[in-house]
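# Close look at the chain arrangement
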Amino acid sequence: MRAVLTVFVLVSVGLLVGDLGLVAGPPDWAAAAELASPPLCGGELVLKPDGTPWVCSFDDEFDATTGDPTQLDRSKWVVQTTAASNFWTGPYPNFACYVDDPNNVSVSDGYLNLTARQESAPFDCHGLGGTTLPTSYTAGEVTTNGTFSQTYGRFEVRAKLPSATVKGLQETLWLWPVDDTKYGAWPDSGEIDFAEFYSQYPTLDVPYIHYQYDASTTDPATDTNVVTNTTDCTINPGSFNDYVAVWEPGTITLSVNGHTCVTDHYVATGLTPPAPFDQPFFLTLTQALGVNTNAFDPATTPLPATTQVDYVRVWK
């Protein structure tokens, strides 16, 4: 209704001014519509608390109508590999090597699929500097490092996790700083795991906002340095769930299916907010094998395991 009213007002003003002889010609309907409707992610108008619209800055619905709809849009996403990053997950020697392979990263039926799987035979996983380690497992991860990053905004991912209810799988939807040593080595420069999952807790999202802080300053009454929630970010197992991070100067708010479960007015040690969350971060989506109490067990953890992503939307 707001968009319709805005267009009506713009057109009415154009006609009135034309009647007064100040402008000539018919109103510019296209310009009026553009002013009335900001760029939308997924065709959805999302409003800020003050009633102004969020403006879409990144959108992948994974259902391209041009090109090959079964291919990952490489202008938006980079497939992260162990060879390029030295990143791997799971307990050695049963760890997952990240590879650029359609068995691990694919697009089909309007979804991005990230898969951890056991290969038919052991192989050498290549890392940086020529290092190699043998394993039988691979996994999938994509990132917008080098293609898209943003400081502040609204980040939303709709995803369905593997259906495992035993330990061994881990999935993370996260934001990582472009300059990851701006304020020092991890976690000093920040990391926003706005959705993180451990298959031993199949009904929970356990997000975590990483930065250096004095634990004695944590105050749930004022939401100061409240970096996680281990009980209240519940999800619907076996279904698509909606995960949102609203990142503002000095505050990060995380929600699941419209329910806010973390609000953090962060105060990092030795820094003045909004540091360290005052630079562009990029998106990463990861299907991993678990460690520690959620460690992958070849005998009991079901593979292949796939996280399906329906869409990724970012506003500013």
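In case you missed it, the structure is sitting above this.
Residues numbered from 1 in each chain as written. Predicted model: local features only at pLDDT ≥ 70, side-chain atom pairs only at ≥ 80, totals over all residues. Heavy atoms only, no water.

## Quick notes on the packing of aromatic side chains
Taken as a whole and assessed by the stated rule, the structure comprises 18 aromatic pairs. Both rings, one in Tyr 92 and one in Phe 95, keep their centres 6.0 Å apart while their planes meet at 20°; by these two values the pair is stacked. These aromatic residues form a ring-pair network of at least three members: Tyr 152, Phe 155, Tyr 211, Tyr 213, Trp 247, Tyr 266, Phe 277 and Phe 281. Here the basic side chain of Lys 48 rests over the ring of Trp 54, its NZ or CZ set 4.8 Å away from the ring centre. Seen from the ring of Trp 315, Arg 154 lies directly overhead, with NZ or CZ sitting 4.8 Å from the centre. (Phe/Tyr/Trp six-rings, centres within 6.5 Å; stacked < 30°, edge-to-face > 60°. Lys NZ or Arg CZ within 6 Å of the ring centre and 35° of its normal.)

## Considering the environment of Lys 76
Relative to the helices and strands, Lys 76 resides in the loop between strand S1 (56–60) and strand S2 (78–79). Residue class for Lys 76 comes out partly exposed when judged on its relative accessible area of 23%. C-alpha separation for the pair Lys 76 and Asn 145, spaced 69 residues apart in sequence, amounts to 9.1 Å. Those residues in contact with Lys 76 that lie beyond four places of it in its chain are Phe 58, Asp 59, Asp 60, Thr 143, Thr 144 and Thr 147. (Helix = DSSP H or I, 4+ residues; strand = E, 2+ residues; numbered from the N terminus. Buried < 20%, exposed > 50% of the residue type's maximum accessible area, 1.4 Å probe, protein only. Contact = heavy atoms within 4.5 Å.)

## Some thoughts on a nonpolar patch on the surface
Residues Leu 40, Leu 45 and Leu 47 make up a contiguous nonpolar surface patch of about 250 Å² in total accessible area. Looking at the secondary structure, you find Leu 40 in the loop between helix H2 (29–36) and S1. Relative accessible area serves as the criterion here: at 35%, Leu 40 is assigned to the partly exposed category. (Patch = residues over 30% accessible without salt bridge, like charges linked within 9 Å, V, L, I, M, F, W, Y side chains within 5 Å. Areas by Shrake-Rupley, 256 points an atom, 1.4 Å probe, with all protein chains shown as cover. Salt bridge = Lys/Arg side-chain N within 4 Å of Asp/Glu carboxyl O.)

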